[in-house]
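Take a look at the letters that make up each chain.
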Amino acid sequence: MDRPIAEVARISGVTARTLRHYDEIGLLPPARIGANGHRYYEEHQLLLLQQILVLRALGLGLPEIGRILAEQVDEVEALRGHHRRLLAERDRLEALAGTVARTIADLEQSRKDGTAMTAINRPENLFEGIQPSQYEESLHAFPEHAEEVARRVATMTSEDVEAGQRERTAQMVRLAELMAAGLLADAEPVQAEIDAQYRALTELRAVSAEEYRAIGRSCVDNDAWRAAYETIAPGLAAYQRDAIEAYAATRLS
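Residues numbered from 1 in each chain as written. Predicted model: local features only at pLDDT ≥ 70, side-chain atom pairs only at ≥ 80, totals over all residues. Heavy atoms only, no water.

Time to look at the side chain of Glu193. Residue position: Glu193 is located in helix 9 (residues 188-202). A relative accessible area of 15% means that Glu193 is categorised as buried. In terms of polar contacts, Glu193 uses its side chain to reach the side chain of Arg174, at 2.9 Å. The contact partners of Glu193, leaving out residues within four places of it in the chain, are Gln171, Arg174, Leu175 and Leu178. (Helix = DSSP H or I, 4+ residues; strand = E, 2+ residues; numbered from the N terminus. Buried < 20%, exposed > 50% of the residue type's maximum accessible area, 1.4 Å probe, protein only. Polar contact = N/O pair within 3.5 Å; in protein donor to acceptor, adjacent residues only side chain to side chain. Contact = heavy atoms within 4.5 Å.)

As enumerated under the stated definition, the model contains 10 salt bridges in all. One salt bridge connects Asp223 with Arg226, and the closest N-O pair in it is separated by 2.9 Å. Here Asp223 pairs with Arg226, and both are found in helix 11 (residues 223-232), just three residues apart, close to one helical turn. Judged by its relative accessible area of 53%, Asp223 is exposed. Residue classification places Arg226 among the partly exposed residues on the basis of a relative accessible area of 31%. (Salt bridge = Lys/Arg side-chain N within 4 Å of Asp/Glu carboxyl O.)

The description of two packed helices rests on the angle between their axes and on the distance between the axes. At a minimum axis separation of 6 Å, helix 10 (residues 209-221) and helix 11 run at an interaxial angle of 75 degrees. Put simply, helix 10 runs roughly perpendicular to helix 11. Listed contacts from helix 11 to Ile215, Ser218, Cys219, Val220 and Asp221 of helix 10 are Asp223, Trp225, Arg226 and Tyr229. A class-by-class count of the residues in the contact of helix 10 with helix 11 yields five nonpolar, one polar and three charged. (Axes fitted to C-alpha atoms, helices over the stretch in contact; angles between N-to-C directions. Parallel < 35°, antiparallel > 145°, perpendicular 65-115°, else oblique. Nonpolar A, V, L, I, M, F, W, Y, C, P; charged D, E, K, R; others polar.)

Here it is, written out as structure tokens:
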């Protein structure tokens, strides 16, 4: 029995727009296209979609997923390979959870002692275990930017994604070091870091002063973003917000 694209979108959680994109790039053609122009999917396509979503959850880009699907011969063997990858991802997530748990313990001890936690946590990659799709979801308040991020991620390999995550962690650590040194949010070294971040954003699309301010506020208001900043250093989320506000006021107004 074939299923229309709307039903496949509903049961898989993938938007019809994404399914059409997968068809357009040859990753997941439908079983047939009806006289009404609608796409219909059968069991084989649903199994392929499952594999695509598993590989996306593991952080692979669409080009790499296409290569994997083209090379696989037996679906059972392919699923065994995906299962091994998922187990490895589970181990990475457990390691990440351990890092966060240690940070929580340090913060709780600091508060118990009544002394500030001055050490900066320097994780090799703070975003290990966080997939691009999860990052895109955190941008729901900025739909145009989220769309550009999704388009860029779709062309990236897993190595590209990893490099981007490491650079984002490095940016946050550098900002934490400036904060620990006692520099105000509008100090020139801090503003130079914010300028680099802003230029990276505008490589995707133009970002207005007000939108950049809103992104800065999200560093505090968005639970996922705030947790990432606070994992590196307490107060870093607000410091980033204030630095962006100063940058928007002096350089974008």
